[in-house]
Amino acid sequence: MAKSSDPVFPKPRLVSTTQDLADSLVRLRHERFLTIDTEFMRERTYWPELCLVQIGGEQDVLLIDALAEGLDLTPLAELMADDAVLKVFHAARQDLEIFLYLFDALPTPVFDTQVAAMVAGYGDQVGYDSLVGSLTGHSIDKSHRFTDWSARPLTPAQLTYAAGDVTWLRLVYERLVKKLEQEKRLEWVSAEMAELADPATFRADPEKQWERLRARTNNRRMLGILRAVAAFREREAQRVNVPRQRLLKDESLLEIAATVPATVDDLTRVRGVTRGLAEGRTGLGLLEAVKTAQALPDSELPRLPKGRSKDAPRPSPALMALLKVLLTTCCEDHDVAPKLVASMDDLEALALDPTVPNPVLSGWRKRIFGDSALALRNGEIALAVKKGRVTLTPSESPSSQS
């Protein structure tokens, strides 16, 4: 039951024809900002299957049935490309990936309230329902979170749930922006949006997929084979539109790289590889990838990414522990999520060599953490506990050593 203090939102309207879509979006293109969400299915496919697009305006809430027969989404593509209208998402990455896949272009400009919430001190990767609760006091209905959005017809309950993903988001956006403007942090969010404007963020590079597999070897020939079969699996998964792990699991790729199968029979001995797969187009492609990698000259073989090699230098565990405490302390003091400020890779790089370019040593990250991290590493400050809180204090014995 709605509370008397709850805002009144426009009644959501289902759109399923091209003409209705075009007419409706003409009105929305006069809005200062729109809130947008998508519902999709991806459990059985490599590429996401868009089922529903929700768009919230000041006077309109559209639920676009992307599976409606004969529906042309070109008017939606034009809206997504309109620089005059800000598109507000929460946890935007999967939504943006879908639009990039459909329209070969990313929506622009974009504002991600999850990123903004991290800047505003609401924690790491805060969920939409939690953020709505924190900023509005309203509890979001979660009952249809795992529903089958490809089933038709959509029920009234599904449509009501879907509309809630963009109606309350308008309030979330407005209140977050007000808070960030008061704290002079809106430019921090703008800096983070640059990554979401780069198509490379969302397009998997087949030639780099092997790096995800965490191979525990310095054998460059084995790494070359792993690179080849991982790249082949990625392209094959895209071709047949099947999730990469469903096509062939990571463990199978690692075993192929280690055992170097040369025949179909060899390939069937790899755990997770059926005879049907080995004898088919996928199996033959894997064998060809292995053969090609075997023939590469040593100069073209990959190396483990820097820091992953068994021989790579490791930072002092004690220094890493201090930097982690410092990161948490600085983020508490500035009310910002630690995950947004620095990753463990950033901290390791800083611990090993502070002269190497590092995200924490530029922009707003440097002001709230990087400068203190350098001072700690150089022995210029120390960590102390006062009244139950960790604080920074000048070191009694400053050191010029790094």
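Given the structure is predicted, the values throughout are model-derived calculations rather than measurements.

1. Focus: the overall build of the protein chain
Scanning the protein chain for helices and strands turns up 17 helices and eight strands. Judged by the C-alpha coordinates and their principal axes, the protein chain covers about 70 × 65 × 35 Å. Scored against the burial criterion, the 402 residues of the protein chain give a buried share of 46%. Of all intrachain contacts in the protein chain linking residues separated by at least 6 positions in sequence, the fraction that spans at least 24 positions is 64%. Counting only carbon and sulfur atoms, one obtains 51% of the accessible surface of the protein chain, whose full area is about 20900 Å². Each charge sign in the protein chain was given a centre, from 52 positive and 57 negative side chains, and these centres are 5 Å apart.

2. What about the pairing of strand β8 (residues 389-394)?
It is a general feature of regular strands that their side chains alternate between the two faces of the sheet. By the bridge criterion, six bridges tie strand β7 (residues 381-386) to β8 in an arrangement that is antiparallel. Considered in β8, the bridge of A382 is made with T393. Following β7, the chain reverses through two residues before pairing antiparallel with β8; K387 in that reversal takes a positive phi of roughly 55 degrees.

3. Remarks on the UniProt feature "domain: HRDC" (unreviewed entry) in the protein chain
Within this structure's numbering, the places UniProt gives as "domain: HRDC" (unreviewed entry) are residues 219-300. Helix and strand shares over residues 219-300 are 72% and 0% respectively, and the end C-alpha atoms of the span are 13 Å apart.

4. Observations regarding helix α16 (residues 344-352)
Every buried residue of α16 is accounted for by D346, L347, L350 and A351. For α16, the angular spread of the buried residues around the axis is 130 degrees, confining them to a single face. Where the residues of α16 are buried, they touch α14 (317-334) and α17 (363-377).

5. Overview of the state of the cysteines
Across all of its chains, the model carries zero disulfides by this definition. Just so you know, C330 is unpaired, no disulfide at all, and the nearest cysteine sulfur is the one on C331, 6.8 Å from it. The exposure class assigned to C330 is buried, which follows from its relative accessible area of 4%.

6. Remarks on the pattern of salt bridges
The tally for this structure, following the rule as stated, stands at 23 salt bridges. E187 is the partner of R367 in a salt bridge, and the nearest nitrogen-oxygen pair spans 3.9 Å. Pair noted here: R367 is in helix α17 and E187 is in helix α7 (residues 186-196), with a separation of 180 residues, a long-range link. A salt bridge links R389 to D333; the shortest N-O distance between them is 3.3 Å. In this pair, R389 sits in strand β8 while D333 sits in helix α14, placing the two residues 56 residues apart along the sequence. Judged by relative accessible area, which is 42%, R389 ranks as partly exposed. You can call D333 partly exposed: its relative accessible area is 47%. Beyond isolated ion pairs, a larger network of salt bridges with shared partners links K179, E183 and R185.

7. Details of the domain arrangement of the protein chain
Interfaces are often described in size by the accessible area the parts lose on coming together. Domains assigned within the protein chain are domain 1 (13-201), domain 2 (206-295) and domain 3 (317-394). Taking only C-alpha atoms into account, the centre of domain 1 sits 37 Å from that of domain 2. Each partner contributes to the interface: domain 1 provides six residues, whereas domain 2 provides eight residues. Of the roughly 600 Å² buried at the junction of domain 1 and domain 2 (both faces included), carbon and sulfur atoms supply 50%. In this structure, the connection of domain 1 to domain 2 is made through zero salt bridges. Put simply, domain 1 and domain 2 have five residue pairs in polar contact (both at pLDDT 80 or more) between them. Tallied by class, residues from the side of domain 1 that touches domain 2 come to two nonpolar, one polar and three charged.

8. Describing the packing of aromatic side chains
A full pass over the atoms with the stated rule returns nine aromatic pairs. Arranged with centres 5.0 Å apart and planes meeting at 80 degrees, the rings of F9 and W168 form a pair that is edge-to-face. Residue F9 is found in the segment before β1 (12-15), and its partner W168 is found in helix α6 (residues 156-182); the two are separated by 159 residues along the sequence. The exposure class of F9 is partly exposed, given its relative accessible area of 28%. Taking relative accessible area as the criterion, W168 reaches 8% and is therefore assigned buried.

Procedures and definitions
Residues numbered from 1 in each chain as written. Predicted model: local features only at pLDDT ≥ 70, side-chain atom pairs only at ≥ 80, totals over all residues. Heavy atoms only, no water. Helix = DSSP H or I, 4+ residues; strand = E, 2+ residues; numbered from the N terminus. Buried < 20%, exposed > 50% of the residue type's maximum accessible area, 1.4 Å probe, protein only. Contact = heavy atoms within 4.5 Å. Areas by Shrake-Rupley, 256 points an atom, 1.4 Å probe, with all protein chains shown as cover. Lys, Arg positive; Asp, Glu negative; His and termini not counted. Charge placed at Lys NZ, Arg CZ, Asp CG, Glu CD. Pairing = 2+ DSSP bridges. UniProt positions renumbered as here; feature names shortened; annotations may be inferred. Arc of directions from axis to C-beta. Disulfide = S-S within 2.5 Å. Salt bridge = Lys/Arg side-chain N within 4 Å of Asp/Glu carboxyl O. Domains from an automatic or database assignment. Buried area = accessible area lost by both parts, 1.4 Å probe. Polar contact = N/O pair within 3.5 Å; in protein donor to acceptor, adjacent residues only side chain to side chain. Nonpolar A, V, L, I, M, F, W, Y, C, P; charged D, E, K, R; others polar. Phe/Tyr/Trp six-rings, centres within 6.5 Å; stacked < 30°, edge-to-face > 60°.

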